[in-house]
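This is what each chain is made of:
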Amino acid sequence: MLARRIIPCLDVKDGKVVKGIKFQNLRDVGHPPDLAQEYEKQGADEVTFLDISASLEARKTMLKIVEETAEKLFVPLTVGGGIRSKGDMRDALNAGADKVSVNSAAVFDPDLINQCAEDFGRQCVVVAIDAKRTGDNWTVYTHGGTRPTELDAVQWAQEMQDRGAGEILLTSMDADGTKDGYDIELTAAVADAVSVPVIASGGCGSIEHIHEVFRSTGASAALAASIFHYQQHTVQEVKDYLRDHGILVR
Amino acid sequence: MSLKVSLADYGVGNLHSIRKALELCGADVHVVEDMRQLLDASCIVFPGVGAFDRTMDRLLPVRDDICRLLQGGVPCLGICIGMQILTEGSAEGMEPGLGFFPGRVVPMRAACVPHMGWNEVIGKDELFQDIDNRYFYFAHSFHAETTTENVVGSTQYDITFPSLLRRGNTYGSQFHPEKSSRSGLAFLRNFVRFAEAQQ
């Protein structure tokens, strides 16, 4: 049977790992390849790098970081942030990423997802969705969660699946940075609406939160940052807890 | 002398991880872009990147020669798409496969596709020796169907499908050992040892 996945996420700016609190107030926590390798040792099922730097120069730095990481990491590596074109995706894959996540660019040009899936295979195409509650629904935001769109998050997830997304990385803007737990309602709504794997993201502050999102939703994976970066828990501790509570993990 | 592995480069995707992983397991890896060079290989690895047709476009001219080589006992490991091309063909593409394994590649019939993540491989084979944790990493929407005698490992995901094929000295894994951390590296180490013993 398929195990649920634990994915530490490293926010990377100018080649260094940082963690955004509500996408602001950044604090340096280390060198990405080293941290990735440490997480693999702890039992991480995958590692995600999110490039939050803006300049073209920083993008080249990121590709170097990906190359260095791929040389010594033997679990899948997903790279996201600032992917605007098929060329960007190809560069990341050639540098050694196994999957690439696309966020804002998919909103400007949804057809990009069809093209990427066609060229690279849908298993490498992750669509990242930043969603914020509006009334009974959730609205898709772009540009690192700063700009609202007209799109409904659940419908958007379905469209992205139909266009070729192999996976949905779903971040709750309401929960992100709060450490109060994943957005269960949002995660369940999206996971129920699509038939591709959904990665829950945003709001993880404790082991119990990860258990809760797996127990209450169909999420295939849980992404977390600060509980690992600040050494609150190791990945192994999280897995031991989940196993003891009846969740299948590797 | 370490084992010389010819790693087929179909011109798509990156080979960093599989190359590095095989090197860590003691192999001397040669990346081969001209598929005719595979015919001199003492051990072949078909990596798990790319799409069926594009991969077969490169391999079709040497299809019969490669099959003869494998029949002759040259050790081979095909990973994911690299395993799928060893069958007779795929629902993903139009081109025929190498046809070394009987059967074809079919779409995964499961509630959630792609089958993405860590799943258990059940079965007996020398490549599983000393591997306690049999969870390996999968990322695929198609799987091979072949005759029972060629299946040495299988995996459950709504259905049960073949996840490790073997015929003679040729293996095909649906999972990615190079992405499967300690268990995957142990599997590759076992393969390298197995291949060395055939030289």
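See the structure shown above.
These remarks concern the structure in this document. What you are looking at is a predicted structure, and each value in this text was computed from that prediction instead of being measured.

### Looking at helix 3 (residues 86–95) of chain A
Part 1 of the argument: Listing the buried residues of helix 3 of chain A in full gives Met89(A), Ala92(A), Leu93(A) and Ala95(A). Taken down its axis, helix 3 of chain A places every buried residue within 165 degrees of arc, on the same side.
Part 2 of the argument: Structurally, helix 3 of chain A contributes buried residues whose contacts are with helix 2 (56–70), strand 6 (99–102), helix 5 (111–120) and strand 7 (125–134) of chain A together with helix 1 (16–24) of chain B.
Part 3 of the argument: Just past helix 3 of chain A, the residue Gly96(A) takes up positive phi, approximately 130 degrees.

### Observations regarding the packing of helix 1 of chain B against helix 5 (residues 181–197) of chain B
All names here are of chain B.
Part 1 of the argument: One can describe the packing of helix 1 onto helix 5 by two numbers: an axis separation of 9 Å at closest approach and a directional angle of 65 degrees. In this structure, the crossing between helix 1 and helix 5 has a hand that is right-handed. Within the contact between the two elements, helix 1 uses Ile18, Ala21, Leu22 and Leu24 and helix 5 uses Leu185, Leu188 and Val192.
Part 2 of the argument: For the contact of helix 1 with helix 5, the per-class residue count stands at seven nonpolar, no polar and no charged.

### Remarks on the sheet that holds strand 2 (residues 28–32) of chain B
Remark on secondary structure: sheet strands pair via backbone hydrogen bonds, oriented parallel or antiparallel.
Residue and element names in this part refer to chain B.
Part 1 of the argument: Here we have seven strands laid out as an open sheet, ordered 2-1-3-4-11-10-9, and mixed in their pairing. Each end of this open sheet is capped by a strand with a single partner; those strands are strand 2 and strand 9 (151–157). For this sheet the average axis-to-axis angle between neighbouring strands, irrespective of direction, equals 20 degrees.
Part 2 of the argument: Sheet analysis places strand 10 (residues 159–167) next to strand 11 (residues 170–173), joined by four bridges and oriented antiparallel. Residue pairing in the sheet places Leu164 in a bridge with Ser173 of strand 11.
Part 3 of the argument: Strands strand 1 (4–8), strand 2, strand 3 (44–46) and strand 4 (76–79) of the sheet are contacted by helix 1, whose axis makes an angle of about 155 degrees with strand 2.
Part 4 of the argument: Against the sheet, helix 5 makes contact with strand 3, strand 4, strand 10 and strand 11, and its axis sits at roughly 155 degrees relative to strand 4, the strand it touches most.

### Considerations on the packing of aromatic side chains
All names here are of chain B.
Part 1 of the argument: Enumeration over the complete set of coordinates arrives at 13 aromatic pairs over all chains.
Part 2 of the argument: Seen in terms of ring centroids, Phe175 and Phe187 are 5.2 Å apart; in terms of plane orientation they differ by 75 degrees. Their pairing is edge-to-face. Of this pair, Phe175 sits in the loop between strand 11 and helix 5 while Phe187 sits in helix 5; the two residues are 12 residues apart in sequence, bridging distant segments of the chain. You'll find Phe175 and Phe187 in the same group, each marked buried.
Part 3 of the argument: By the ring-pair criterion, three or more aromatic residues cluster together here, those being Phe128, Phe136, Phe138, Phe161, Phe175 and Phe187.

### Details of the interface of chain A and chain B
Part 1 of the argument: At the junction of the two partners, chain A supplies 32 residues and chain B supplies 31 residues.
Part 2 of the argument: Buried surface at the junction of chain A and chain B, both sides included, amounts to about 2600 Å², of which 54% is carbon and sulfur.
Part 3 of the argument: Counting every contact that joins chain A to chain B gives two salt bridges.
Part 4 of the argument: Two residues, Asp98(A) and Lys179(B), come together in a salt bridge whose shortest N-O distance is 3.0 Å.

### Observations regarding the state of the cysteines
Part 1 of the argument: In this structure the tally under the stated criterion is zero disulfides over all chains.
Part 2 of the argument: A disulfide-free cysteine, Cys204(A) has its sulfur positioned 12 Å from the sulfur of Cys9(A), the nearest such atom.
Part 3 of the argument: For the unlinked cysteine Cys112(B), the closest cysteine sulfur is that of Cys80(B), found at 16 Å.

### A word on the pattern of salt bridges
Residues and elements named next belong to chain A.
Part 1 of the argument: This model, assessed by the stated rule, comprises 23 salt bridges over all chains.
Part 2 of the argument: With its nearest N and O atoms 2.7 Å apart, the salt bridge here joins Lys239 to Asp45. You can see Lys239 sitting in helix 10 (residues 235–244) and its partner Asp45 sitting in the loop between helix 1 (32–42) and strand 4 (47–51), a full 194 residues away along the chain.
Part 3 of the argument: Where Arg59 meets Asp51, a salt bridge forms, and the shortest distance between an N and an O atom there is 3.4 Å.
Part 4 of the argument: Residues joined in a network through salt bridges with shared partners are Arg5, Glu46, Lys99 and Glu167.

### A look at the pairing of strand 8 (residues 137–142) of chain A
All names here are of chain A.
Part 1 of the argument: Taking burial as the measure, the six residues of strand 8 include five buried ones, the bulk of the element.
Part 2 of the argument: Pairing of strand 7 with strand 8, which is carried by five bridges, proceeds in the antiparallel orientation. Across the sheet, Ala131 pairs through a bridge with Val140, a residue of strand 8.
Part 3 of the argument: Where strand 7 folds back on strand 8, the antiparallel hairpin that results is connected by two residues, among which Gly135 adopts a positive phi of roughly 65 degrees.
Part 4 of the argument: Pairing of strand 8 with strand 9 (residues 147–152) involves three bridges; the strand directions are antiparallel. Looking at strand 9, one finds that Thr142 is bridged to Arg147.

Cut-offs and rules
- Residues numbered from 1 in each chain as written.
- Chains lettered and ligands numbered in written order.
- Predicted model: local features only at pLDDT ≥ 70, side-chain atom pairs only at ≥ 80, totals over all residues.
- Heavy atoms only, no water.
- Buried < 20%, exposed > 50% of the residue type's maximum accessible area, 1.4 Å probe, protein only.
- Helix = DSSP H or I, 4+ residues; strand = E, 2+ residues; numbered from the N terminus.
- Arc of directions from axis to C-beta.
- Contact = heavy atoms within 4.5 Å.
- Axes fitted to C-alpha atoms, helices over the stretch in contact; angles between N-to-C directions.
- Left-handed = near helix turned anticlockwise from the far one by under 90°.
- Nonpolar A, V, L, I, M, F, W, Y, C, P; charged D, E, K, R; others polar.
- Pairing = 2+ DSSP bridges.
- Phe/Tyr/Trp six-rings, centres within 6.5 Å; stacked < 30°, edge-to-face > 60°.
- Buried area = accessible area lost by both parts, 1.4 Å probe.
- Salt bridge = Lys/Arg side-chain N within 4 Å of Asp/Glu carboxyl O.
- Disulfide = S-S within 2.5 Å.

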